Amino acid sequence: MDLDGVESAMCFPSFPGFAGGMFFRGQDKELSVLCIKAWNDFYIDEWCATAPGRFIPMALIPFWNINEAVAEAERAAAKGARSISFPDSPVPLGLPSFHSTYWDPLWSVCSDTGMPVSLHFGSGGFVPGFSFSSFNPDPRQLVTDPDSDIPPLAMDSPFAVAFTLFNSNLAWTTVDLLLSGKLQRFPKLQIALSEGGIGWVPYILERTDFVWERHRYYQPIDFDTRPSDLWRDHFWGCFIDDEHGVENRYKIGVDRITLEIDYPHSDSNWPNSRKRAAEVLANVPDEECQLIVEDNARRMLNFPRSIAPAV
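Student: Help me understand the packing of helix α7 (residues 166-178) against helix α9 (residues 201-215) in this model?
Tutor: Two quantities define a packed helix pair, namely the angle between the axes and the distance from one axis to the other. Running from N to C, α7 and α9 cross one another at 35°; their axes reach a closest spacing of 11 Å. At the point where α7 passes α9, the crossing takes the right-handed sense. Every residue of α9 that contacts α7 at Ala 171, Val 175 and Leu 178 is listed here: Ile 204, Leu 205 and Thr 208. Classifying every residue of the contact of α7 with α9 by side-chain character gives five nonpolar, one polar and no charged.

Right, here's the structure in full:
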């Protein structure tokens, strides 16, 4: 972080999966819940505590059980978690959709505690952009079930196709939530979209507004609230290297954009993240740069510059 010019960061887990998918796939769900708690205790009490002004605590939750998920979200918030990681869509995992009332108790906790829900692309087990040979009976199984017996050679396309389309996961997620009615029900709920870029946001907002204007008369969707207004009240985007998104920042909302580093993955600009950010933001006014590279993230995560050391 020092070498890269990064002051503070909230880091997603790799070994458990971005939202704890490894524990979701465990056969012993009681053990899986204990693993989630152990991970959060380590992440918050041990790892982040070594540098409380630099590591921003994030919590996993046992999302496959709403009662356990609510209890762990409450426990993690009390321990100092600034966000919870949640699948970008629960549907591919066989769980209720964002439109269901099933998740309402969890959204209530996140609203009351001020913890944004971090949705990392692919954390719901599905990544678009894969092409498969015809003998594969269920192409998504390779993505949703890493323990599948279907041989990996069934995938024809290079992973570069998926890399390019990561943003489409979060575009789906965004529209799903914008038209779910949940943001009206939970006006304080905040949604952080992770590792999907921001260049796609203006089009998705334009298209969703268009659909809302034309089709809300016969659809079970909110009649009064424009989707793009909901975006600006509830969503936060992040980018690693997105010149198009930065150029269109006013359509996204300058106060709703954050910078992502993605170390140690191959999309990262490390150890030149600060240098590359300066290039991308070269034509952006200083006060807007300040928002994008620091202030927005601190506000979203309730993580002020001065953090008292852990006791």
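Once you've had a look at it, read on.
Student: I'm lost on the pattern of salt bridges in this one. Help?
Tutor: Opposite charge on two side chains lets them pair, provided their charged atoms get close. Counted according to the given criterion, the structure contains 18 salt bridges. Residue Glu 7 is joined to Arg 298 by a salt bridge in which the shortest nitrogen-to-oxygen separation is 3.5 Å. With Glu 7 in the segment before α1 (21-24) and Arg 298 in helix α14 (residues 286-300), this pair connects stretches of sequence that are 291 residues apart. With relative accessibility at 36%, the residue Glu 7 sits in the partly exposed group. The exposure class assigned to Arg 298 is buried, which follows from its relative accessible area of 12%. Among the ionic pairs, Arg 276 bridges to Glu 279, the shortest N-O distance being 3.1 Å. Pair noted here: Arg 276 and Glu 279 are both in helix α13 (residues 273-280), with a separation of three residues, about one helical turn. For Arg 276, a relative accessible area of 19% puts it in the buried group. Relative accessible area serves as the criterion here: at 40%, Glu 279 is assigned to the partly exposed category.

Student: Even after reading the chapter, I still don't get the layout of surface pockets, so can you show me in this structure?
Tutor: It is a probe the size of a water molecule, rolled over the atoms, that shows where empty space is left. Its volume calculated, the largest pocket comes out at about 1300 Å³. Along its surface, the largest pocket is lined by 46 residues, and Val 6, Ser 8, Ala 9, Leu 259 and Ile 261 are the ones closest to its centre. Sorting elements by how many residues they give to the lining of the largest pocket places α14 first, with eight residues. Looking at the lining of the largest pocket residue by residue, the class counts come to 28 nonpolar, 10 polar and eight charged.

Student: Any chance you could explain the packing of helix α2 (residues 29-47) against helix α3 (residues 66-79) here in plain terms?
Tutor: Between α2 and α3, the shortest axis-to-axis distance is 11 Å and the interhelical angle comes to 15°. When the axes of α2 and α3 are compared, the pair comes out roughly parallel. Seen along the crossing, α2 lies across α3 with a hand that is right-handed. For the pair α2 and α3, the contacting residues are Val 33, Ile 36, Lys 37, Asn 40, Asp 41, Ile 44 and Asp 45 in the first and Glu 68, Glu 72, Arg 75, Ala 76 and Lys 79 in the second.

Basis of the calculations
Residues numbered from 1 in each chain as written. Predicted model: local features only at pLDDT ≥ 70, side-chain atom pairs only at ≥ 80, totals over all residues. Heavy atoms only, no water. Axes fitted to C-alpha atoms, helices over the stretch in contact; angles between N-to-C directions. Helix = DSSP H or I, 4+ residues; strand = E, 2+ residues; numbered from the N terminus. Left-handed = near helix turned anticlockwise from the far one by under 90°. Contact = heavy atoms within 4.5 Å. Nonpolar A, V, L, I, M, F, W, Y, C, P; charged D, E, K, R; others polar. Salt bridge = Lys/Arg side-chain N within 4 Å of Asp/Glu carboxyl O. Buried < 20%, exposed > 50% of the residue type's maximum accessible area, 1.4 Å probe, protein only. 1 Å grid on protein atoms, 1.4 Å probe; cavity = no way out; pocket = protein on both sides within 12 Å on 5 of 7 lines; lining within 4 Å. Points joined across faces, edges and corners; volume = space filled by probe spheres on them. Parallel < 35°, antiparallel > 145°, perpendicular 65-115°, else oblique.

The values are spatial; any link to function lies outside them.
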